[in-house]
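Per-entry structural report
Here is how the chains run, residue by residue.
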Amino acid sequence: MVRTQAKVVRGGHERTVPSADLVPGDLVLLESGDKVPADLRLVRATELHVNESALTGESVPVHKDAVALPEATPVADRRNMVYSGTLVTAGHAAGIAVATGAETELGEIHRLVGAAETLMTPLTAKLAWFSKVLTIAILALAAVTFAAGLLRRQDAVETFTAAIALAVGAIPEGLPAAVTITLAIGVARMAKRRAVIRRLPAVETLGSTTVICSDKTGTLTENQMTVQAIWTPDGMVEVTGTGYAPDGVLQDRDGAPVSVDAHAALRWSLIAGARCNDAALSHDDGHWSVIGDPTEGAMLVVAAKAGLDVERAAAGMPRVAAIPFSSERQYMATLHRDGADHVVLAKGAVERMLELSSTQLGADGALRPLDRATVLRAADLLSARGLRVLATAVRAGSEPGEFDDDALPGTLAFTGLQAMLDPPRAAASSAVAACHTAGIAVKMITGDHAGTATAIAAKVGLLDDEEPTAGAVLTGAELAALSSDEYPDAVDRATLFARVSPEQKLRLVQALQARGHVVAMTGDGVNDAPALRQANIGVAMGLGGTEVAKDAADMVLTDDDFATIEAAVEEGRGVFDNLTKFITWTLPTNIGEGLVILVAIAVGAALPILPTQILWITMTTAIALGLMLAFEPKEAGIMTRPPRDPDQPLLTRGLVARILLVATMLVATAWWLFEWEIGKGVSVEAARTAALNLFVVVEAFYLFSCRSLTHSAFRSASSPTAGSSWA
């Protein structure tokens, strides 16, 4: 599945072979930078970190080791396995190949993509049914017309010609062109709003959407870790600004700016986070990004927000030695030269940093006894907000010989806690609220942990609070434990799904579709591809998405922003409205043209309009008048009404009654005018010309009425940009 070179041990010798030649049982060697060539069970691992984001949705590299785990452990939590197609970011390891090629987890995803059913869009399904019914009705009318003419002993050839003219006149020839042009206009409008459509019918499907299943990382969030709060022994400091741009300030709970120069503990916590750090900030073309670990990048950014010059600090305090982070240590420490002295800076898990510390640093720079209970309470409060918490510590007056694992415990001064989160996008909350107003349910599906996902869901308005009601949050393990009878109801009730596998994502979409929902699914990884293909409309991320996800999707977001989906739904509703307006306009005119001939033959009277005249009306007005409705702008309040019922027909009873009423009026007035002209003594040709002109004039005025199917044509006519105004 993944064409790479693999290092294997065969016959006691290390050799390099193509990944396609691997077989189960091969001992494969991995090191930093390698792409994993097969599914491997680790037998040895040293500081191994693997980027599995494309496979599991995990946003940061995952630490791996060779521990034994229960057989039922979900894929995302199997620390003793590495999977084909993932990338080794640090460390080295050896593992036994347990699956290769199509038998790997990646191969299973490709199989699921191929097996996923590609559904007809609501529009294509409705048009197919509508076309079938219309064809049968027109053929029946033509047959009745021909039979009526024969019964009245009219000329068979002329009657047959009239019946054919009826069929041609009644068929809405402009409908296929109108559908294509309206959808194409919708594509252009969506592209301007950063949504690129890959399959034309998907334009209208968005307008029918009843449920949006959204990924968390990068769609509802910035995908940029950001320090949001810093706690020191003297109190809490809030941090403004989001993302990697160093724009923001540090302020106390009252909103007053905090000066790091007057706060020793805060200053040293920021220095420890920025200097005990292997990441770097990059600024290219006005865009800030992080090279290295996102967590360390967040610490660099908050130091810059506080006004610390990280590069100047690096020059003034050069690193001498380092103790790298490991899962066993749970901390990182660095030794720096500070003039004639040395300083130790450390950061890591709160519990581990408390073990290394015996004192705590105050705002005035004085050392006090460490208050472990207060620190742990502060860490719990920050964790309850869904924040990831790291602790920092410092020791001045160190000697290089005292810098090792055994010498550090109990020697550091605790400086503070830095709490961070991948923050929600600025427009995410308003976009979610707009979807709810429009009657669209929004569900979050993520590979992240339930606690973090719950905090984000509460911030963007998916959950009412961070302690949701029972059943609102389901994990992959809980989904797997549900029976077949319980599953559909549980999925419909839940709002957040965490730690789910690709198979579970696919089953979630299928369960929602089985309950009659039109589902839009977003995703960016290989693991999302089966669900993207199965959904009524799959939405891939253009910036951070994999090519597999984009190929499976119907629409690609060029900015990876959830707000763009809401905008695309709005455009999709406008597209369907315009198609409905065209059909509502064209059918009465077509039916009226056919009924004129049917009535004339049935009563044995002269035709008010000749077949050739009907063909002229059909070929000219459908293009010159009807297609203008494709350019109509969206009506006000389009996102305040509920989504269409997927089972609702293309033409409701109200629209059918309207169509029949207008068609009847057209036939009656055309006949009245024809007879009135004949009664005045004009020629039959002149009377037919008058009836023809009446048809065209009524169609033109009815066009303005169809600009809105919900309120007055005069109110709609106030828009100067509308296409039908130019017609």
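Worth saying up front: this structure is predicted, and the values here are computed from it rather than measured.

1. Quick notes on helix H11 (residues 372-384)
Look at H11: 18 Å from first C-alpha to last across 13 residues, which is about the 18 Å you get at 1.5 Å a residue. Listed as buried for H11 are Val375, Ala378, Ala379 and Leu382. Down the axis of H11, the buried side of the element spans an arc of 100 degrees, and every buried residue falls inside it. With respect to the buried face of H11, the exposed residues turned more than 90 degrees away are Arg377, Asp380, Leu381 and Ala384. Following H11 by one or two positions, Gly386 adopts a phi angle in the positive range, close to 80 degrees.

2. Observations regarding empty space enclosed by the protein
A full pass over the atoms with the stated rule returns two cavities of 30 Å³ or more. Approximately 30 Å³ is the volume found for the second largest cavity. Forming the boundary of the second largest cavity are Gly574, Asp577, Asn578, Lys581, Glu632, Pro633, Lys634, Glu635 and Ile638. Residue composition of the lining of the second largest cavity, by class: two nonpolar, two polar and five charged.

3. A few points about the environment of Thr242
Assignment of secondary structure puts Thr242 in the loop between strand S11 (235-239) and strand S12 (250-251). As for Thr242 and Pro424, which are separated by 182 residues in sequence, their C-alpha atoms are 8.8 Å apart.

4. Observations concerning the domain arrangement of the protein
Looking at the protein, the domain boundaries give domain 1 (5-101), domain 2 (134-186 + 574-707), domain 3 (207-221 + 425-560) and domain 4 (226-421). Inter-centroid distance (C-alpha atoms) of domain 2 to domain 3 is 45 Å. The interface is formed by seven residues belonging to domain 2 together with eleven residues belonging to domain 3. Considering only the surface of domain 2 that becomes buried against domain 3, Met639, Pro643 and Arg644 emerge as the three largest contributors, covering 68% of it. The interface formed by domain 2 and domain 3 holds zero salt bridges in total. Looking at the side of domain 2 that touches domain 3 residue by residue, the classes come out as four nonpolar, one polar and two charged.

5. Some points on the sheet that holds strand S8 (residues 195-197)
Reading across from one edge, S8-S27-S26-S25-S9-S22-S24-S23 is the order of the eight strands in this open sheet, with mixed pairing throughout. Only two strands of the sheet have a single neighbouring strand rather than two, namely S8 and strand S23 (473-475). Looking at each pair of strands side by side, their axes are set apart by 20 degrees on average, direction ignored. Relative to strand S26 (residues 537-541), strand S25 (residues 519-523) runs parallel, the two being bridged by four bridges. If you follow Met521 over to S26, its bridge partner there is Gly538. Against the sheet, helix H19 (residues 562-603) contacts S8, strand S9 (211-214), strand S22 (441-446), S25, S26 and strand S27 (555-557), and its axis sits at roughly 160 degrees relative to S9.

6. Comments concerning the pairing of S22
With five of six residues buried, S22 is to be regarded as a mostly interior element. Sheet analysis places S9 next to S22, joined by four bridges and oriented parallel. Counterpart to Cys213 in the pairing with S22 is Lys443. Here S22 pairs with strand S24 (residues 496-498) via three bridges, running parallel. Across the sheet, Met444 pairs through a bridge with Leu496, a residue of S24.

About the thresholds
- Residues numbered from 1 in each chain as written.
- Predicted model: local features only at pLDDT ≥ 70, side-chain atom pairs only at ≥ 80, totals over all residues.
- Heavy atoms only, no water.
- Helix = DSSP H or I, 4+ residues; strand = E, 2+ residues; numbered from the N terminus.
- Expected span 1.5 Å × (residues − 1).
- Buried < 20%, exposed > 50% of the residue type's maximum accessible area, 1.4 Å probe, protein only.
- Arc of directions from axis to C-beta.
- 1 Å grid on protein atoms, 1.4 Å probe; cavity = no way out; pocket = protein on both sides within 12 Å on 5 of 7 lines; lining within 4 Å.
- Points joined across faces, edges and corners; volume = space filled by probe spheres on them.
- Nonpolar A, V, L, I, M, F, W, Y, C, P; charged D, E, K, R; others polar.
- Domains from an automatic or database assignment.
- Contact = heavy atoms within 4.5 Å.
- Buried area = accessible area lost by both parts, 1.4 Å probe.
- Salt bridge = Lys/Arg side-chain N within 4 Å of Asp/Glu carboxyl O.
- Pairing = 2+ DSSP bridges.
- Axes fitted to C-alpha atoms, helices over the stretch in contact; angles between N-to-C directions.

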